[in-house]
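Structure assessment
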Amino acid sequence: MPKPAGLSWEQAGGLLAAGVTAVHVLEAIDLRKDESVLIHGAAGGVGLTAVQLAVARGATVLGTASPAKHDLLRDLGAIPITYGPGSADRVRAAAPEGVHAAADLVGTDEAVDVSVELVADRSRVATIAGFERGAQAGIKLLGGGPGADPGAAVRAAARLQLTEAAEAGRLRVLIAASHPLRDAAAAHRQIMTGHTTGKIVLVP
């Protein structure tokens, strides 16, 4: 794909992998205008894109994240929810009319369990990381995990949509950090902390 002129190479590099995953998730849970959606891991690389795309669809977005990232989620149009014990009750308080769909972008047992507790229709709950727990719960498995739907056609069709949205300024690409390729191990260690905001990019 041609690089959008308004994006740095780091932003362009961080756009598509996370972006097509976010589109695939929102399509899989059939998110529609005026519905509410719970996004676990809303401040991660996929999460930040999913939040923006869901808001653009006219949905009410509830996004789990640590308190330090709540202001960013508010800025993107989401209602931040602190993850951890009691998160289901916090979601209920923020969305008293209920939650129509949920997306687990972190792969924790909590994310899957809270999703199926709050969303009545399990066909509208999906995970991109919690494959074992997700399979046990009967929700949609997306991506490259065992038994998951790779969504190749959906992801391919999303690329131009994403680059056009980024070019027009409708989609922000947030980069947590960039590392020289020789420091790939350090980049992986940073990802493994689970506390990054946005994408981590390797630069040749």
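You'll find the structure just up there.
Everything in this summary refers to the structure shown in the same document.

Cut-offs applied
Residues numbered from 1 in each chain as written. Predicted model: local features only at pLDDT ≥ 70, side-chain atom pairs only at ≥ 80, totals over all residues. Heavy atoms only, no water. Salt bridge = Lys/Arg side-chain N within 4 Å of Asp/Glu carboxyl O. Helix = DSSP H or I, 4+ residues; strand = E, 2+ residues; numbered from the N terminus. Buried < 20%, exposed > 50% of the residue type's maximum accessible area, 1.4 Å probe, protein only. Pairing = 2+ DSSP bridges. Right-handed = clockwise from strand over helix to strand, strands pointing away.

So, about the pattern of salt bridges. Under the criterion given, the structure shown has 10 salt bridges. Between D89 and R92 there is a salt bridge, with its nearest N and O atoms 3.0 Å apart. A residue pair is termed a helical-turn pair when its members lie 3 or 4 positions apart in one helix, as D89 and R92 do in helix α4 (residues 87–94) at three residues. Between D113 and R133 there is a salt bridge whose closest N-O contact spans 2.8 Å. Taken together, the residues D113 in helix α5 (residues 109–118) and R133 in helix α6 (residues 131–137) connect sequence positions 20 residues apart. The class for R133 is partly exposed, based on a relative accessible area of 28%. The structure contains a network of salt bridges with shared partners spanning D30, R32, E35 and R124.

Turning to the pairing of strand β1 (residues 36–40), a few remarks are in order. With five of five residues buried, β1 lies mostly within the body of the structure. Judged by which residues are buried, β1 turns out to be covered on both faces: S36, L38 and H40 on one side and V37 and I39 on the other are all buried. Bridging between β1 and strand β2 (residues 60–65) involves four bridges; their strand directions are parallel. When the sheet's bridge partners are listed, V37 is paired in β2 with V61. After leaving β1, the chain enters helix α2 (residues 45–56) and then returns to the sheet as β2, a path that is right-handed. As judged from the four bridges shared by β1 and strand β4 (residues 101–104), these two strands associate in the parallel manner. Across the sheet, the residue bridging to H40 is D104, located in β4.

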